[in-house]
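Fold and contact review
Read off the chains here:
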Amino acid sequence: MAEPYKIVIGLEVHVQLLTKTKLFCGCKNQFGLPPNSATCPVCLGLPGSLPVMNQQAFELALRAALALNCQIATHPGYPPGFTKWDRKNYYYPDLPKNYQISQYDLPFSHNGWLEINVAKDPKKEYVPKKIGIIRAHLEEDAGKNLHDESGRGGDTLVDLNRAGTPLLEIVSAPDMNSPEEAIAYLEEIRLMLREIGVSDCEMQEGSLRCDANVNIHVPVIGTQHATEHSDFHATPLVEIKNLNSFRAVGRAIAYEAKRHYEQYLQDRAGRFRFGKMLKTTAGWDDARGITVVQRHKEEAADYRYFPEPDLVPVVVTAEQIAAARAAMGELPQAQRQRLMAQYGLSAYDAQVLVAKGRATVAYFEAVAQALGDGKTAANRMSDLIYPALAERKEAITTFPISPATFADFIKNGPANSQDRRDVFQLMLTQGLDLAAAKAQAGIKDLDETALRAAVLAAIAANPKAVADFRSGKEAAKMAIVGAVMKANKGAPNEVVRRLVDEELTKG
Ligand SMILES: [Zn+2]
């Protein structure tokens, strides 16, 4: 490691669940509706209204927890599967009830892990690392305050459409040690939750939000007053908020680590240490590239958590767990391993393919099976399909070239590269199959028999070149290739070379 310290990172991720309705009422859970149009007495917190749990939200959360390898509500002293709701009390203008229904001491899932690739060069190698998941629990979201950002001091408006929508909070262990690892973890969570249909994880729309807890460990060498830890000093925790992109997460972590080290070096009194200072909450200012301290964090007790009296506890059954597992489908990690084993893909090729989602993987598998060659299928998709999809801003599900047609093109397409481009364009823009596209481009199938006869004629007409080649002058064969090309304008060079090779080495 280049730095003289170790960065320690834990991430707290909130994702919005893809339910039709909110967590405890029947209001729509949908982004972009007119302000305050999706509200009712329950999510407005009016007196006398009572919450009812949304079963679909619980099923989605359970699916996510299982995908994160979590234990489901295994709490000492309670029956298996027992979990409950708690009130987290605080005042904020976007929280009309003055409390949030969340989970405190008995979350519905805990003690899981997620594997990420921490290779320095992911193109060359795969280095797995398991990131611990401390807990994943369900809670309701708050509304949104819309501040006047013009600087003219206008009113702040409150939109309560989001109040009461279901959130899954996923708390990682402090197991990540670089900005790159934090980003890899977020990418894996996002891919997985999208694939299993739990959340769309759109950071722009706030359906995936992330806070980072960061500090550094500085090794203590040759000192005798290292008190709390024998071999390193830990700096106080900072929780970074307002992280609006994965890139911002990486930049903010790198910034904080550097700032911690500078402050640690200046701290002669030894006060800038974990345990001696309160945790700090800081906001990331992406435009300026700095963090701004917001407050020193309240302790958990300040929220006066207590069991939610309006909701009965939940007992997750073995049947529910089995159903959630069945609904999960193949997870990205398992899918990569399978594609490597079944089709001989490299770890990197498998990574690229799986990151594009299940529909692309299905397309690949159809092409690979038709060809009987996974590596070629993956390479040709990288060369042709991905650029075409990007250019057309299209999803693979509506791509006009079917896997069978694409496999046919790879196997039986024109040999000449310009012809290949023309035919591919016709298949793409007009939805033609290979034969129709070739006919439209005026490309006749190559007559290899005639070309082979021309090669034999050229060999007969150039005895010196043949003798030179046979005495070890590899380059002499180019004279024969040249002669064939001259007599057969437009013949594909690569085919001519192959035929010359075949005929010259026949003995
Ligand atoms: Zn409502």
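Since the structure is predicted, the reported quantities are computational estimates derived from the model, not experimental observations.

1. Quick notes on the domain arrangement of the protein chain
By a widespread convention, an interface's size corresponds to the accessible area lost as its parts come together. Once the domains are mapped, the protein chain shows domain 1 (14-201), domain 2 (328-441) and domain 3 (448-504). Here the C-alpha centre of domain 2 lies 36 Å away from the C-alpha centre of domain 1. Across the contact, 14 residues belong to domain 1 and 11 residues belong to domain 2. Elements with a minimum of two residues in the side of domain 1 that touches domain 2: helix H2 (55-67), strand E6 (109-117) and helix H3 (179-195). Counting residues per element, the side of domain 1 that touches domain 2 draws most heavily on H3, at four residues.

2. Some points on the nonpolar core
Ranked by size, the top nonpolar core spans 71 residues in total, and within it Ala61, Ala64, Ala65, Tyr185 and Ala212 carry the most contacts. Among the elements that make up this core, the one with the highest residue count is H2 (nine residues). Setting aside its immediate chain neighbours within four residues, alanine 64 contacts Ala136, Leu168, Leu193, Ile196 and Val198. The next biggest cluster of nonpolar side chains, apart from the first, holds 26 residues, and it includes Phe364, Met381, Phe409 and Ile410.

3. Considerations on helix H12 (residues 434-441)
When we look at burial in H12, the residues that qualify are Leu434, Ala437 and Lys438. One face of H12 carries all of its buried residues, which in axial projection span an arc of 100°. Summarising the contacts, the buried residues of H12 are in contact with helix H10 (403-412) and helix H11 (417-430). Downstream of H12 by a residue or two, glycine 442 has a phi angle that is positive, lying close to 70°.

4. Some words on the sheet that holds strand E4 (residues 86-89)
Read across the sheet, three strands follow the order E5-E4-E16 without closing on themselves; strand pairing throughout is antiparallel. Strands at the two margins of the open sheet, each flanked by one partner only, are strand E5 (99-102) and strand E16 (306-307). Relative to E5, E4 is paired through four bridges, and the arrangement is antiparallel. Each residue of the ladder has a partner; that of lysine 88, found in E5, is glutamine 100.

5. Focus on the pairing of strand E11 (residues 208-219)
Here 10 bridges tie strand E1 (residues 6-16) to E11, and the two strands are oriented antiparallel to one another. Residue pairing for E11: histidine 14 is matched across the bridge by arginine 209. Bridging between E11 and strand E13 (residues 238-243) involves four bridges; their strand directions are antiparallel. Within E13, the position partnered with asparagine 213 by the bridge is glutamate 239. Across three bridges, the pairing between E11 and strand E12 (residues 232-234) is antiparallel. Each bridged residue has a counterpart across the sheet, and for histidine 217 the counterpart in E12 is alanine 234.

6. Observations regarding the environment of tyrosine 5
Structurally, tyrosine 5 can be placed in the segment before E1. On the neighbour-count criterion, tyrosine 5 (20 C-beta atoms within 10 Å) is buried. Along the primary structure tyrosine 5 and glycine 472 are separated by 467 residues, whereas in three dimensions their C-alpha atoms are 60 Å apart. The contact partners of tyrosine 5, leaving out residues within four places of it in the chain, are Ile216, His217, Val218 and Tyr261.

7. Notes on the pairing of E1
Strand direction decides the pairing type here: E1 and strand E10 (residues 166-172), joined by five bridges, are antiparallel. From the neighbouring strand, histidine 14 faces E10, where its bridge partner is glutamate 169.

8. Examining H3
Helix length check: H3, at 17 residues, gives a terminal C-alpha distance of 24 Å against a target of 24 Å (1.5 Å per residue), a fit within 8%. Every buried residue belonging to H3 is among Pro179, Glu181, Ala182, Ala184, Tyr185, Leu186, Ile189, Arg190, Met192 and Leu193, and all of these are buried. With its phi angle positive at about 75°, glycine 197 sits one or two positions after the end of H3.

9. Concerning the packing of helix H8 (residues 358-371) against helix H9 (residues 374-392)
Remark: H8 packs on H9, axes separated minimally by 8 Å, with the N-to-C direction vectors making an angle of 130°. Taken together, H8 and H9 sit at an angle that is classed as oblique. Both H8 and H9 take part in a crossing whose hand is right-handed. Where H8 abuts H9, its residues Phe364, Val367, Ala368 and Leu371 lie against Gly374, Thr376, Ala377, Ala378 and Met381. For the contact of H8 with H9, the per-class residue count stands at seven nonpolar, two polar and no charged.

10. Digging into the packing of H8 against H10
Remark: H8 packs on H10, axes separated minimally by 9 Å, with the N-to-C direction vectors making an angle of 45°. The angle between H8 and H10 falls in the class oblique. For the pair H8 and H10, the sense of crossing is right-handed. On H10, the residues touching Tyr363, Ala366, Val367, Ala370 and Leu371 of H8 are Pro403, Ala404, Phe406, Ala407, Ile410 and Lys411. A breakdown of the residues in the contact of H8 with H10 according to their chemical character gives 10 nonpolar, no polar and one charged.

Scoring rules and cut-offs
- Residues numbered from 1 in each chain as written.
- Predicted model: local features only at pLDDT ≥ 70, side-chain atom pairs only at ≥ 80, totals over all residues.
- Domains from an automatic or database assignment.
- Contact = placed C-beta atoms within 7 Å.
- Helix = DSSP H or I, 4+ residues; strand = E, 2+ residues; numbered from the N terminus.
- Core = buried A, V, L, I, M, F, W, Y, C linked by C-beta atoms within 7 Å.
- Buried ≥ 20, exposed ≤ 12 C-beta atoms within 10 Å, placed from the backbone.
- Arc of directions from axis to C-beta.
- Pairing = 2+ DSSP bridges.
- Expected span 1.5 Å × (residues − 1).
- Axes fitted to C-alpha atoms, helices over the stretch in contact; angles between N-to-C directions.
- Parallel < 35°, antiparallel > 145°, perpendicular 65-115°, else oblique.
- Left-handed = near helix turned anticlockwise from the far one by under 90°.
- Nonpolar A, V, L, I, M, F, W, Y, C, P; charged D, E, K, R; others polar.

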